[in-house]
Amino acid sequence: MAECQYIIKHELENLRAKDEKIIPGYPQAKLYPGKSIVRRLLTNGILVQIFPLHDQEELKKLRHTWYGRVKIGYQPLDEIRCYFGETIALYFGFLEYFTFALIPMAVIGIPYYVFAWEDYDKYVMFATFNLLWSTVILEVWKRFCAVMTYRWGTLLMKRQFEEPRPGFHGVLGINPVTGREEPVYSSIRRQIRIYLVSLPFVCLCLYFSLYVMMIYFDLEQWALDYHQENESNFSSLMLFVPSIIYAVVIEIMNRIYRYAAEFLTSWENHRLESSYQNHLILKVLVFNFLNCFASLFYIAFVLFDMKLLRQSLATLLITSQILNQFAEAFLPYWLQKRHKKRMKKKMFSQKTDTDLSLVEQVSLEKEMGTYFGTFDDYLELFLQFGYVSLFSCVYPLAAVFAVLNNITEIYSDALKMCRVYKRPFAEPTASIGVWQLAFETMSVISVVTNCILIGMSSQVNALFPDSKMDLILTVALVEHVLLAMKFVMAFVIPDKPRDIQIKLARLEFESLEALKQQQMKLAAESLKE
């Protein structure tokens, strides 16, 4: 079913105008050669929504095995893939894997929190484990991903001849590779838009983020002065208020910037969906990284205040998780419940009767929310990975809160997909794409961060009482060695398990043999003639 949906969506999105000037019956809906017809129908309000309907019988089975009962076990990823497609199934697979991968960090972090709260020097071993952990889990994930996508038949999916995205526009021309008619747009004009408009805008947003960060530190200083003057329980609570306010402001800024980044990336007019996604992810990641982590870097390496770092990290992590759960799970579910109350009779029939008429089902599902893809879900995991890997040696409970959040995330996301959102079109994929590179980049940054934190500990400083330069050179050397080990491990650990490599080699051999047999058959037929 998922493959059928993808084929239908692909054909609809690639309906483009040739000689037509307007849509018949709608003179205000102008067309030009190469324009996506479906996109024009949507922007002019002629076509309101396009979505596949839920299969109530299959959805009921999936709900029962997925989140119908609380259990400790794996998710039904194959069933999720059959119903929602590979992209969504792979996200839930990664969420499940990442949650299990966090458990060792959480188990080790609890005794560090209980027995060595103020003794930061004991976190040297925790930071060292963090370095190895962040590398190994990403390499092992590639193997898990290869096993799943091979089973689903998308491991060898290639994007060399990807069709133009629906939002791409330009003068109708001929693709020199495929020989097909498609829109053509100058790459020079696109580069001008990127470097003269998008890049300055991103830099301006980064500057504004840093400006807000400095306001946060002014609030922190005010709260500290207030506490020193009053020394009360209320003043102690006030110490956490600036961090909470800053965490809320960060979430608001991230969401506003996301809309601006989408508009700019769409305006840049990228030909391929993969190129569009890569540019959008780059814009969003750069801003989110600076917006979420700049204050932590400033506290750790400029102010050298480990207590404030611990407090800020805990507040930012917990507040962001609460806000995300509210905005992504509880609020949509509450809105959907309100809609159910307005249509109580129809929703009751949907729950109990799988033989709804088509008109009733469409009228019910068109009011449901729209799932816009896995972008925000992966972004949330990316930021969580940053909180855990960059500074968790200062706050070891970060992994514990991440595990608890992800367990609830699995169930809340499953509930959203089955009960809150319209059924999205399936999208095949071979991996988590550019997000793999994003996580690997974060792990490289975490190596540098943790090495500097280790070098700042009094245990390591005591080894170099006379020369700070020797300490700096030693930390730099260790950091380079660890980075070298990281890249060696990435090279040594194969991305695909041995049995998958053998199966792929056998498949390639059989394909070549079939091609050879076909060529021999054609040659024999030509000789007979």
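Residues numbered from 1 in each chain as written. Predicted model: local features only at pLDDT ≥ 70, side-chain atom pairs only at ≥ 80, totals over all residues. Heavy atoms only, no water.

Heads up, the rule is: UniProt positions are given in the numbering used here, feature names are shortened, and annotations may be inferred rather than shown by experiment.
Looking at an unreviewed UniProt entry, one finds the protein named Anoctamin and attributed to Apteryx owenii. Annotation of the protein in UniProt includes, under Sequence similarities (unreviewed entry), the sentence "Belongs to the anoctamin family." Turning to the protein, the UniProt annotation filed under Subcellular location (unreviewed entry) states: "Membrane".

### Things to note about the packing of aromatic side chains
Stated formally: Note on ring pairs: Phe, Tyr and Trp rings are taken, using the six-membered ring of Trp, and paired if centres are within 6.5 Å. Classes follow the plane angle, with under 30 degrees stacked, over 60 edge-to-face and the rest tilted. Only DSSP runs of H or I with at least four residues qualify as helices, and only runs of E with at least two residues qualify as strands; both kinds are numbered from the N terminus onward. Using a 1.4 Å probe on the protein chains alone, a residue whose accessible area is under 20% of its type maximum counts as buried, one over 50% counts as exposed, and one in between counts as partly exposed. Lysine and arginine charges are scored as sitting over a ring when NZ or CZ, respectively, is within 6 Å of the ring centre and within 35 degrees of the ring normal.
All chains considered together, the criterion is met by 34 aromatic pairs. Measuring from ring centre to ring centre gives 5.8 Å for Trp 222 and Tyr 226, while their planes differ by 20 degrees; the resulting arrangement is stacked. Placement of the pair is Trp 222 and Tyr 226 together in helix 7 (residues 187-230), with a separation of 4 residues, close to one helical turn. We classify Tyr 226 as partly exposed; its relative accessible area is 26%. Aromatic pair Phe 293 and Tyr 387: ring centres 5.0 Å apart, planes at 65 degrees, arrangement edge-to-face. Placement of Phe 293 in helix 10 (residues 273-303) and of Tyr 387 in helix 14 (residues 375-391) is noted, with a sequence separation of 94 residues between them. Taking the ring centre of Phe 51 as reference, the NZ or CZ of Lys 422 above it sits at 5.6 Å. The ring of Tyr 83 carries the charged tip of Arg 423 above its face, separated from the ring centre by 3.8 Å.

### Observations concerning the side chain of Lys 142
Threshold: In what follows, residue pairs with any heavy atoms lying within 4.5 Å of each other are defined as contacts.
By secondary structure assignment, the location of Lys 142 is in helix 6 (residues 123-152). With residues up to four places along the chain from it excluded, the contact list for Lys 142 reads Gln 436, Glu 440 and Asp 495.

### Description of the packing of helix 14 against helix 15 (residues 398-420)
Two numbers describe a pair of packed helices, the interaxial angle and the distance between the axes. Going by this rule: Every angle, taken between N-to-C directions, lies between 0 and 180 degrees, and every axis is a line fitted to C-alpha atoms, over only the stretch in contact when it is a helix. Throughout, the term roughly parallel applies to angles under 35 degrees, roughly antiparallel to angles over 145, roughly perpendicular to angles from 65 to 115, and oblique to all others. For any helix crossing, the convention is left-handed if the near helix is rotated counterclockwise from the far helix by under a right angle, and right-handed if that rotation is clockwise. We call Asp, Glu, Lys and Arg charged. Ala, Val, Leu, Ile, Met, Phe, Trp, Tyr, Cys and Pro are nonpolar, and the rest, Gly among them, are polar.
Across the interface, helix 14 lies against helix 15 with an axial gap of 10 Å and an inter-helix angle of 165 degrees. The orientation of helix 14 relative to helix 15 falls into the category roughly antiparallel. Here helix 14 and helix 15 pass one another in a crossing that is left-handed. Contacts between helix 14 and helix 15 involve Asp 377, Glu 380, Leu 381, Gln 384, Tyr 387 and Val 388 from the former and Ala 398, Ala 399, Ala 402, Asn 405, Asn 406, Glu 409 and Asp 413 from the latter. For the contact of helix 14 with helix 15, the per-class residue count stands at 6 nonpolar, 3 polar and 4 charged.

### Remarks on the environment of Glu 79
Residue position: Glu 79 is located in helix 4 (residues 77-84). Spatially, the C-alpha atom of Glu 79 lies 49 Å from that of Leu 477, the residues being 398 residues apart in sequence.

### Remarks on the nonpolar core
Threshold: In these notes, a set of buried Ala, Val, Leu, Ile, Met, Phe, Trp, Tyr and Cys residues joined through side-chain atoms within 4.5 Å is what counts as a nonpolar core.
One finds Trp 66, Phe 84, Trp 133, Phe 382 and Trp 435 to be the most contacted residues of the largest nonpolar core, which totals 105 residues. Here this core gets 14 residues from one element, more than from any other, and that element is helix 5 (residues 86-115). Ranked by size, the runner-up nonpolar core spans 5 residues in total, among them Ala 17, Ile 23, Ala 29 and Leu 31.

### Some details on the packing of helix 4 against helix 5
Where helix 4 contacts helix 5, the axes come no closer than 7 Å and their chain directions differ by 150 degrees. It follows that helix 4 is roughly antiparallel to helix 5 by the angle criterion. Crossing geometry of helix 4 relative to helix 5 is assigned as right-handed. For the pair formed by helix 4 and helix 5, the contact residues are Leu 77, Ile 80, Arg 81 and Phe 84 on the first element and Glu 86, Ile 88, Ala 89, Phe 92, Gly 93 and Glu 96 on the second. When the residues that make up the contact of helix 4 with helix 5 are grouped by side-chain class, the tally is 6 nonpolar, 1 polar and 3 charged.

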